[in-house]
2 protein chains.
Amino acid sequence: MGKLAPRKTAGVLGGMGPQATVDFMQEVIRLTGARRDQDHVRMLVDCNPAVPDRQAALRGEGGDVAACLAQMARGLQAAGAEFLVMPCNTAHVFADSIAAAVPIPLINIIDATVAAVRRECPDARSVGLLATTGCINAGVYQRALASDGFGVVVPADSAVLMDLIFRIKSGDVGAETRAATAAVAQQLVAAGADVLIAGCTEIPLVLGAGDVPVPLISSTDVLARQTIEYAFNLQPGESS
Amino acid sequence: MGKLAPRKTAGVLGGMGPQATVDFMQEVIRLTGARRDQDHVRMLVDCNPAVPDRQAALRGEGGDVAACLAQMARGLQAAGAEFLVMPCNTAHVFADSIAAAVPIPLINIIDATVAAVRRECPDARSVGLLATTGCINAGVYQRALASDGFGVVVPADSAVLMDLIFRIKSGDVGAETRAATAAVAQQLVAAGADVLIAGCTEIPLVLGAGDVPVPLISSTDVLARQTIEYAFNLQPGESS
């Protein structure tokens, strides 16, 4: 066995949705840029479809998301995870329950994404937020952005984007879904956004940097970079 | 929480290589064809770069692959896996060590792939095998195919394909690698193969059914279908 560079094992709270989890893993692998199997990050992944619907839970309906995520976090830690990541923005409304369940850190996708906006677009005035209805209503991005002095624009009708996100989750990533998602993004730009956050991990499956006229910060991409940096003990930006 | 259809949790012995693991998960998700997050298969994945080099181990050099895989299997079972899959053909030379380590079943990719040849190409006489040098030298596919009455053709110089597989593992899935892999496949057809097995999970990353003039059975695809069938308690072929 070749000598492995010291690195920490990532635990991935996944399945929200499964395709977004795979997209996240893909980005970690691609950005690691390893030349052989042995140079990659170890990822322990719980791709769990049994996490109750986050949107329903945030409306006060449905199952106990916090308890489910806490259980998954404990399982990943028991299996050897040294830190946790969760490629789902909406589920971060329940981040405190995860932090309370395990002594290992959770890299918060929302904090990391807002930090990326600050680093990459320090002169931005108004940030356009592409996220689920539950995530928008919970205000987690708005609070983090406001405390950094950024204005925030959200979709005029969040139900339109929410419907698109459920379509992506159902496997529909075709031209019509892409165009409709780009149109929502365009509305945010028209409303003054000079940078956009893909603040739902389904969004990058249908929207790329070339589809919008302003910088697009992908929360999936940001989380993948942070995962690599934390695993290999690098400085922020060193994985780029 | 919506009522979940009863299903078994898959444990995935992964990281051999990481990209092939993600490709396998992608196929499971795609072939499940679920319309919402909650209808997918639960996968507990250990994407572990610390598995020693399988080729070196099969030459009698390097680390203890069997012990590492046995440890991963125990970890996955402890985390809740009810059956195991391993999207790496070569590592199946060590399948007995996994079976001895845990009481839950391992769906054997080699047995499953040979069964798929039998089912989909019952009239085939000669099967062309695209696999690593270690896998070919261990004879696992040849024995399984011979016991079903199939002839087997292997590459004249396995080092050529082995070099291509290491290139794919390094992230090189470009046109040159694709063409060179297709050329090896073509040599097997010229040598009489009337069906080909992509018997290394890196191969489907660069070779598709359209690239060869005979049926191509992807071991990744076969394992993904078997995973779904086992998880949902379906009959063979029902996931198609």
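What you see is a predicted model, and the numbers here were worked out from it, not measured in a lab.

Caption draft 1: Examining the interface of chain A and chain B more closely. On the chain B side, the residues contacting the 36 residues of chain A number 36 residues. Carbon and sulfur atoms supply 53% of the area buried between chain A and chain B, which totals about 3100 Å² over both sides. Counting across the chain A and chain B interface gives six salt bridges. The shortest N-O distance in the salt bridge between Lys-169 of chain A and Asp-37 of chain B comes to 2.8 Å.

Caption draft 2: Region of the structure containing the side chain of His-92 of chain B. All names here are of chain B. Tracing the sequence through the fold places His-92 in the loop between strand S3 (83-85) and helix H4 (95-101). There is a polar contact of 3.2 Å between the side chain of His-92 and the backbone nitrogen of Ile-109. His-92 has contacts with Met-86, Leu-106, Ile-107, Asn-108, Ile-109 and Ile-110, leaving out every residue within four places of it along the chain.

Caption draft 3: Inspection of unusual backbone geometry at higher detail. Residues and elements named next belong to chain A. A cis geometry characterises the amide bond from Met-16 onward to Gly-17, with omega recorded as -10 degrees. Inspection of the secondary structure puts Gly-17 in the loop between strand S1 (10-14) and helix H1 (18-32). One non-glycine residue, Asn-233, lies in positive phi territory at about 60 degrees. With respect to the helices and strands, Asn-233 occurs in the segment after helix H10 (219-232).

Caption draft 4: Molecular detail of the confidence of the model for chain A. For chain A, mean pLDDT is 94; residues scoring 70 or higher make up 98% of the total. Confidence metrics for the complex model read pTM 0.94 and ipTM 0.93.

Caption draft 5: Structural detail: the state of the cysteines. Evaluation of the coordinates by the stated rule reveals zero disulfides over all chains. No disulfide involves Cys-68 of chain B; its sulfur sits 12 Å from the nearest other cysteine sulfur, which is in Cys-88 of chain B.

Caption draft 6: Spotlight on the pattern of salt bridges. This model, assessed by the stated rule, comprises 23 salt bridges over all chains. Put simply, Asp-148 of chain B and Arg-118 of chain B hold a salt bridge, and the shortest N to O gap is 2.3 Å. Placement of Asp-148 of chain B in the loop between helix H7 (140-147) and strand S5 (151-153) and of Arg-118 of chain B in helix H5 (residues 109-120) is noted, with a sequence separation of 30 residues between them. The class for Asp-148 of chain B is partly exposed, based on a relative accessible area of 30%. When salt bridges that share partners are traced, they join Asp-37 of chain A together with Arg-54, Lys-169 and Glu-202 of chain B into one network.

Caption draft 7: How the structure looks around the relation of the copies chain A and chain B. The transform that puts chain A on chain B rotates by 180 degrees and translates by 0.0 Å along the axis, for an RMSD of 0.0 Å. The transformation relating the two chain copies, once decomposed into turn and shift, fits a two-fold axis. Closest approach to the rotation axis among the C-alpha atoms of chain A is made by Val-45 of chain A, whose C-alpha sits 2.4 Å away. Comparing interface residues between copies, 100% of those in chain A also lie at the interface in chain B; the contact surface is shared.

Caption draft 8: Representation of helix H1 (residues 18-32) of chain B in the model. Look at H1 of chain B: 21 Å from first C-alpha to last across 15 residues, which is about the 21 Å you get at 1.5 Å a residue. The buried count for H1 of chain B comes to 12 of 15 residues, which makes it a mostly enclosed element. All of the buried residues along H1 of chain B are Pro-18, Ala-20, Thr-21, Val-22, Asp-23, Phe-24, Met-25, Glu-27, Val-28, Ile-29, Leu-31 and Thr-32 of chain B. If you follow the buried residues of H1 of chain B, they end up packed against H1 and strand S2 (43-47) of chain A together with strand S1 (10-14), strand S2 (43-47), S3 and helix H10 (219-232) of chain B. Just beyond H1 of chain B, the residue with positive phi is Gly-33 of chain B, at close to 60 degrees.

Caption draft 9: Seen up close, the layout of surface pockets. Considering only enclosed or pocket space, the largest pocket measures out at about 490 Å³ in volume. Forming the walls of the largest pocket are 29 residues, and the residues nearest its centre are Asp-46 of chain A together with Arg-42, Leu-44, Leu-76 and Ala-79 of chain B. Those elements that place two or more of their residues in the lining of the largest pocket are S2 and helix H3 (65-79) of chain A together with S2 and helix H3 (65-79) of chain B. Looking at the lining of the largest pocket residue by residue, the class counts come to 16 nonpolar, seven polar and six charged. For the second largest pocket, the calculated volume is near 380 Å³. Every residue lining the second largest pocket is counted, 22 residues in all, and those nearest its centre are Leu-216, Ile-217, Ser-218, Asp-221 and Val-222 of chain A. Residue assignment for the lining of the second largest pocket shows that the elements contributing at least two residues are H1, helix H5 (109-120), strand S7 (216-218) and H10 of chain A. Counting residues per element, the lining of the second largest pocket draws most heavily on H10 of chain A, at six residues. Mapped onto the domain boundaries, the lining of the second largest pocket takes at least three residues apiece from domain 1 (10-108 + 221-232) and domain 2 (110-218) of chain A.

Caption draft 10: Quick peek at the nonpolar core. Ranked by internal contacts, the top residues of the largest apolar core, which has 82 residues, are Met-43 of chain A together with Phe-24 and Met-43 of chain B. What Phe-24 of chain B contacts, discounting residues up to four positions off in sequence, is Val-12, Met-43, Val-85, Pro-87, Thr-220, Leu-223, Ala-224 and Thr-227 of chain B. Counting residues in hydrophobic clusters, the runner-up holds 25 residues, among them Val-65, Met-86, Ala-95 and Ile-104 of chain B.

Caption draft 11: Structural context of the packing of H5 of chain A against helix H7 (residues 140-147) of chain A. Residues and elements named next belong to chain A. Between H5 and H7, the shortest axis-to-axis distance is 10 Å and the interhelical angle comes to 40 degrees. Relative to H7, the element H5 is oriented oblique. Our pair here, H5 against H7, has a crossing hand that is right-handed. On H7, the residues touching Ile-109, Ile-110, Thr-113 and Val-114 of H5 are Val-140, Tyr-141, Ala-144 and Leu-145. Considering only residue class, the contact of H5 with H7 consists of seven nonpolar, one polar and no charged.

Caption draft 12: Structural view of the domain arrangement of chain A. Residues and elements named next belong to chain A. Taken domain by domain, chain A comprises domain 1 (10-108 + 221-232) and domain 2 (110-218). In this structure, domain 1 and domain 2 have C-alpha centres spaced 20 Å apart. Counting residues at the interface gives 19 residues for domain 1 and 24 residues for domain 2. Contact between domain 1 and domain 2 buries roughly 1500 Å² in total, counting both sides, with carbon and sulfur atoms accounting for 56%. Joining domain 1 to domain 2, the criterion identifies zero salt bridges. Where domain 1 touches domain 2, the interface holds 12 residue pairs in polar contact (both at pLDDT 80 or more).

Reading the values: rules and limits
Residues numbered from 1 in each chain as written. Chains lettered and ligands numbered in written order. Predicted model: local features only at pLDDT ≥ 70, side-chain atom pairs only at ≥ 80, totals over all residues. Heavy atoms only, no water. Contact = heavy atoms within 4.5 Å. Buried area = accessible area lost by both parts, 1.4 Å probe. Salt bridge = Lys/Arg side-chain N within 4 Å of Asp/Glu carboxyl O. Helix = DSSP H or I, 4+ residues; strand = E, 2+ residues; numbered from the N terminus. Polar contact = N/O pair within 3.5 Å; in protein donor to acceptor, adjacent residues only side chain to side chain. pLDDT = per-residue confidence, 0-100. Disulfide = S-S within 2.5 Å. Buried < 20%, exposed > 50% of the residue type's maximum accessible area, 1.4 Å probe, protein only. Least-squares fit on C-alpha atoms with pLDDT ≥ 70 in both. Expected span 1.5 Å × (residues − 1). 1 Å grid on protein atoms, 1.4 Å probe; cavity = no way out; pocket = protein on both sides within 12 Å on 5 of 7 lines; lining within 4 Å. Points joined across faces, edges and corners; volume = space filled by probe spheres on them. Nonpolar A, V, L, I, M, F, W, Y, C, P; charged D, E, K, R; others polar. Domains from an automatic or database assignment. Core = buried A, V, L, I, M, F, W, Y, C linked by side-chain atoms within 4.5 Å. Axes fitted to C-alpha atoms, helices over the stretch in contact; angles between N-to-C directions. Parallel < 35°, antiparallel > 145°, perpendicular 65-115°, else oblique. Left-handed = near helix turned anticlockwise from the far one by under 90°.

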